[in-house]
Amino acid sequence: MRDVLLVAIREIRQITATKGFWIMLMALPVAIAVSGFASSAFAPEDSTAYTVVDETGTIGEGITERLALRDRQQELRDLAEYAERYDLQAIDPQAPWADRQAWLSEAEVRRFAEAGGAEAAVERIAPDLPAGVPPFELEDPSYVAVPLPDGVALTAANGEMGSALQAAFENDIAVDGRTLPYGAVLYIPQNFGEPGAAARVYTNGRSNQTLIQAFRDGLDGALRDRMFAAQGIAPATAQAIEGMAAPLAVIDPPPGSGRTEVMTRSLVPLALVYLLLITAVTTGSMMLQGVVEERSNKLFESVLACIRPDALMQGKLLGLGAVGIVIVLVWAGTGLAGAMYFEGFAAEVVKPSLAALDDPLLIAAMIFYFFAGYIVLAMLFLAIGAVSESMQDAQSYLTPAILLVMIPVMILMQAAIGSPNSPVVQVLSWVPLYTPFAMLARLATGVATWEILGTIALMVAFIWIELKLLGRIFRASLLNDGKPTLKRIASWVRSPGRQS
Amino acid sequence: MPASALAFEAVTKQFGTLTAVDDLSFAVPEGSVFGFLGGNGAGKTTSLRMALDILTPTAGRIDVLGQPPSRENAAAIGFLPEERGLYKKMSVLDTIVYFGRLKRMEAGAAKASAMALLERLGLADRAKAPIEKLSKGMAQKVQVATALVNSPGLLMLDEPFSGLDPVNQAMLEDLIADAAKGGATVIFSTHVMQHAERLCDRLLLLARGTKRFEGTLDEARGALPFRLVLAARGDPAGLPGVMKATRTGGDGDWGEYAVEMADGAAPEGLLAHCTANGVALNRFDVHRPSLHEAFIHFVGSDPATPAGEAAR
């Protein structure tokens, strides 16, 4: 054991002395920091600016109001879901946001808007907000009405998009200290509604479906109103007809269930699968390089004069394992810290995912699969190192080996999220090379205990056999000067004593 | 006869169909400097590897320091393999300490011993340098230090002089001689006879895995007849101990003769006889065979040329 530790410590020192190790170690934290910063600093604005030029003086206001109401409707829907998730309805049972169906009713949305919208609701909730419940995050409005930019003139006669307007579309527009994309301009001529007098929508060319639909609805409504008036229908009746809505109830799953919930619950295990794959492949390559170096300059002979080949091999595995753990801990730690820092994500995804892993067996199994997977892959790399004469030689084994691991694992992860009990996942769960990946991916979606125990037993047996075989290859190949051919490798595996 | 530091008894090692070491028996007395002589492929490296338990003999028995070969002996053994290599990125000091630690030394003792060796090797100022920054000769010296760091009782050196310049060869000879003076048993393999001639108490001559000779340097040379050349006034054929005398040159009365002596007859006796009986001589050259000649005699080929297939 002393020898194993000595070798392990030397391996650790060698790996940590390389620049590559530190680059890799810092890669994820830096990536998190950069993406976190980028997403807050360079996030695309959620809001779009628009202008309504209404020469009739009667229609434009309705359209602006309608667009504002749509934002309120979305707000109400989000707020109601938030209230239900954290059981906040009791704070004000009469409020529109205490009812998850309220957003479907225009009357309720109007009541919500008149009461001050989400800002007022958040203020109302704040004093009674239970500890540990994150505050509701206010979204920016989707559409912001702005005056026509300077220098842009629209006339009934000229339908062309002038260069000034085109420039305004391309350059975005400054509103209250923010720079918003300028989505569309609606021009309603004074004689709108008369034959040949069409309203015009100028757009920046990007898809502004909702905005144009809102313009359309407003214009349609205006035309209908005129028609109703022309037909002598009382404005009240007309309004009643327009306000008619088919009774409709939308049944959403309670917040935190369904397909997204499978994703959420599996987040931590799936993240482990990725971590496992990345760390095993990268640290494995480092170790492979070390083995090839020792082999190609015959260092092994000096070392093997002092310690047994098994101790050398185990020391390498242990050292590499320790490096891997450090990388995983740093990555997982910064990942978690990053998730907590970007609070919304932590609350929505990370905490429920961690909460889903409340069973000690699950946690133990998760840790077991992770390390078993790591060892299995590390041994694969060691074996490649032991039979390679040079790095070039190793590369030719390495590429197929990595593909052999990567491709099924990628397929597996897709399948495990979509249909955790599909045959491909079931079968791969019992193929030792893929067992850790398959089981990790499935773990949070509910796996029978017998299957967990069975695959653990399988892994233990497989690792034991792999250790034995690797020991033989190691012993036979290290001092063998001949090029290891497949035939030779096979003979080493069969009988460790003979060398050819 | 003192106890053996290393003993082979009828040891055979086969690699597939190739017999690298064939029924080899020899003993290395404790405290001696023992030379393993043979050309490439004679079985020197294989024998050393078996003594180190890196390879297992196919048949026979090996005793190392009174035990079968095992890593248990590592603390008492220093080994320098034929093919040199060190961890390129490791510092000189770390490398030597690492091997000291692998040989069961405590970290502090290993470090002290490593520094003392580096002083001795003139490398103390490079202790912190990574191996890859050293010249080849320096790296070789570091490797020698890794073998010596544990002050081994049994030192096994596989072709220690190869790749060293004459200055460093002399330094290594000194190190070996010092180790021997300190009581260590030194075994080294070589195909350069001069080193063996200068250093060895006892020799083992190998060819194609079999033993051709084991004994002292004098015994090796004694197995070959020495050459005696003398210039005398008369034919020396009748003199005592002379088996045959062939005139090879000279002029007039003075003839030059190549003389073959009878078994057991010493040239000193002949010289004494001539002096006592007034036999006129003006030349009396005894040419003792070199180890090189003895080697060719026993092995049948020059040590520098391969005497068989490479056996590892």
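Residues numbered from 1 in each chain as written. Chains lettered and ligands numbered in written order. Predicted model: local features only at pLDDT ≥ 70, side-chain atom pairs only at ≥ 80, totals over all residues.

Novice: Give me the lowdown on the overall build of chain B, citing residues and values where you can.
Specialist: Counting its regular elements, chain B contains 9 helices and 13 strands. Burial statistics for chain B: of 312 residues in total, 44% are counted as buried. Long-range pairs, those at least 24 residues apart, make up 70% of the contacts in chain B between residues at least 6 apart in sequence. (Helix = DSSP H or I, 4+ residues; strand = E, 2+ residues; numbered from the N terminus. Buried ≥ 20, exposed ≤ 12 C-beta atoms within 10 Å, placed from the backbone. Contact = placed C-beta atoms within 7 Å.)

Novice: Explain the overall build of chain A to me, and be specific about the residues and the numbers.
Specialist: Along chain A, the regular secondary structure elements total 18 helices and 6 strands. A burial count over chain A gives 35% of its 500 residues as buried. When contacts within chain A are restricted to residue pairs at least 6 apart in sequence, long-range pairs at least 24 apart make up 73% of them.

Novice: Would you mind going over the confidence of the model for chain A in detail, with residue names and values included?
Specialist: When the pLDDT values of chain A are averaged, the result is 78; 84% of them are 70 or greater. Highest mean pLDDT in chain A belongs to helix α1 (residues 2-16) of chain A (87); lowest belongs to helix α12 (residues 343-356) of chain A (60). (pLDDT = per-residue confidence, 0-100.)

Novice: I'd like a description of unusual backbone geometry, backed by residues and values.
Specialist: Residues other than glycine predominantly adopt negative phi, and peptide bonds predominantly adopt the trans conformation. All names here are of chain B. One non-glycine residue, Ala10, lies in the positive phi region at around 50°. Among the secondary structure elements, Ala10 is positioned in strand β1 (residues 4-15). For Ala10, a count of 12 C-beta atoms within 10 Å puts it in the exposed group.

Novice: Outline the pairing of strand β6 (residues 154-158) of chain B, supporting the account with residue identities and numerical values.
Specialist: Residues and elements named next belong to chain B. Along β6, 5 of the 5 residues are buried, which leaves the element largely enclosed by surrounding structure. Because side chains alternate across β6, one face comprises the buried residues Leu154, Met156 and Asp158, and the other comprises Leu155 and Leu157, equally buried. Of the strand pairs in this sheet, strand β5 (residues 77-80) and β6 are connected by 4 bridges, and their pairing is parallel. Across the sheet, the residue bridging to Ile77 is Leu154, located in β6. (Pairing = 2+ DSSP bridges.)

Novice: Any chance you could break down the sheet that holds strand β13 (residues 281-287) of chain B for me, citing the residues and the numbers?
Specialist: All names here are of chain B. Pairing is antiparallel across the open sheet formed by 4 strands, whose spatial order is β11-β12-β10-β13. Looking at the sheet topology across the chains shown, the edges are occupied by β11 (242-251) and β13. Ignoring strand direction, the axes of neighbouring strands in this sheet form an average angle of 20°. Pairing of strand β10 (residues 227-232) with β13 involves 6 bridges; the strand directions are antiparallel. Bridge pairing in β13 places Ala231 opposite Arg283. Here helix α8 (residues 267-277) sits on the sheet and contacts β10, β11, β12 (254-261) and β13; the angle it forms with β13, its principal contact strand, is near 170°. (Axes fitted to C-alpha atoms, helices over the stretch in contact; angles between N-to-C directions.)

Novice: How would you summarise the interface of chain A and chain B if you had to cite specific residues and measurements?
Specialist: With 22 residues of chain A at the interface, the matching set in chain B holds 21 residues. Those elements that provide at least two residues to the side of chain A that touches chain B are α1 and α10 (299-304) of chain A. Looking at which element gives the most residues to the side of chain A that touches chain B, the answer is α10(A), with 5 residues. In terms of residue class, the side of chain A that touches chain B is built from 9 nonpolar, 6 polar and 7 charged. (Nonpolar A, V, L, I, M, F, W, Y, C, P; charged D, E, K, R; others polar.)

Novice: An account of the sheet that holds β1(B) is needed here, citing residue identities and associated values.
Specialist: All names here are of chain B. The strand order across the open sheet formed by 3 strands is β2-β1-β4, and the pairing between neighbours is antiparallel. Edge strands, defined here as strands with exactly one partner in the open sheet, are β2 (18-29) and β4 (59-64). Pairwise comparison of adjacent strand axes, ignoring direction, gives a mean angle of 15° for this sheet. Pairing of β1 with β2 involves 8 bridges; the strand directions are antiparallel. Residue pairing in the sheet places Gln14 in a bridge with Thr19 of β2.

Novice: Just give me the short version of the UniProt feature "transmembrane region" (unreviewed entry) in chain A, but keep the residues and values in it.
Specialist: Residue and element names in this part refer to chain A. Mapped onto this structure's residue numbering, the UniProt feature "transmembrane region" (unreviewed entry) falls at residues 21-43, 267-288, 317-342, 362-385, 397-417 and 437-465. Measuring from the first to the last C-alpha atom of residues 362-385 gives 34 Å, for a span that is 100% helix and 0% strand. Helix and strand shares over residues 437-465 are 83% and 0% respectively, and the end C-alpha atoms of the span are 20 Å apart. (UniProt positions renumbered as here; feature names shortened; annotations may be inferred.)

Novice: Tell me about helix α3 (residues 107-121) of chain B, and please be specific about residues and values.
Specialist: The end-to-end C-alpha distance of α3(B), which contains 15 residues, comes to 21 Å, matching closely the 21 Å that a straight helix rising 1.5 Å per residue would cover. On its buried face, α3(B) is in contact with α2 (92-102) and α4 (136-148) of chain B. (Expected span 1.5 Å × (residues − 1).)

Novice: Describe the pairing of strand β9 (residues 210-216) of chain B, listing the residues and the values that go with them.
Specialist: Working note: regular strand, side chains alternate between the two faces of the sheet. Residue and element names in this part refer to chain B. With 6 bridges connecting them, strand β8 (residues 202-207) and β9 associate as antiparallel partners. Following the sheet pairing, Leu203 is matched in β9 by Gly215. Taking the residues between adjacent antiparallel strands as the criterion, β8 and β9 are bridged by 2 residues, where Arg208 takes a positive phi near 50°.

Novice: I'd like to hear about the packing of helix α13 (residues 360-387) of chain A against helix α16 (residues 435-443) of chain A, residue by residue, with values.
Specialist: All names here are of chain A. Two elements in contact, α13 and α16, have axes whose closest approach is 9 Å; the angle formed by their N-to-C orientations is 155°. As far as their axial angle goes, α16 and α13 are roughly antiparallel. Read as a crossing pair, α13 and α16 show a hand that is left-handed. Where α13 approaches α16, its residues Leu362, Ala365, Met366, Tyr369, Phe370, Ala372, Gly373 and Val376 are matched on the opposing element by Pro436, Phe437, Met439, Leu440 and Leu443. Counted by class, the contact of α13 with α16 contains 12 nonpolar, 1 polar and no charged residues. (Parallel < 35°, antiparallel > 145°, perpendicular 65-115°, else oblique. Left-handed = near helix turned anticlockwise from the far one by under 90°.)

Novice: Tell me about the confidence of the model for chain B, and please be specific about residues and values.
Specialist: Residues and elements named next belong to chain B. Across chain B, pLDDT averages 84, with 96% of residues at or above 70. Mean pLDDT values over the elements of chain B span from 80, in β11, up to 92, in α2. Here residues 306-312 is a poorly scored stretch, pLDDT under 50, and it has 28 contacts once near neighbours within four places are set aside; other chains count. Prediction confidence for the complex, expressed as pTM and ipTM, is 0.68 and 0.77 respectively.

Novice: Requested: an account of the environment of Gly117(A), with residues and values cited.
Specialist: Residues and elements named next belong to chain A. Tracing the backbone through its elements, the reader meets Gly117 in helix α5 (residues 117-125). Sequence separation between Gly117 and Leu76 is 41 residues, and the spatial gap between their C-alpha atoms is 7.7 Å. Contacts of Gly117, omitting those with residues within four sequence positions, involve Arg72, Glu75 and Phe112.

Novice: So, the nonpolar core: which residues are in play, and what are the values?
Specialist: Ala378(A), Leu382(A), Leu412(A), Leu440(A), Ile96(B) and Ala145(B) are the most contacted members of the largest nonpolar core, which has 153 residues in total. By residue number, the principal contributor to this core is α13(A), which donates 18 residues. For Leu382(A), the contacting residues outside a window of four places in its chain are Met287(A), Val291(A), Met313(A), Lys316(A), Leu317(A) and Leu470(A). Judged by nonpolar contacts, the second largest core, of 28 residues, contains Ile59(A), Leu67(A), Ala184(A) and Tyr202(A). (Core = buried A, V, L, I, M, F, W, Y, C linked by C-beta atoms within 7 Å.)

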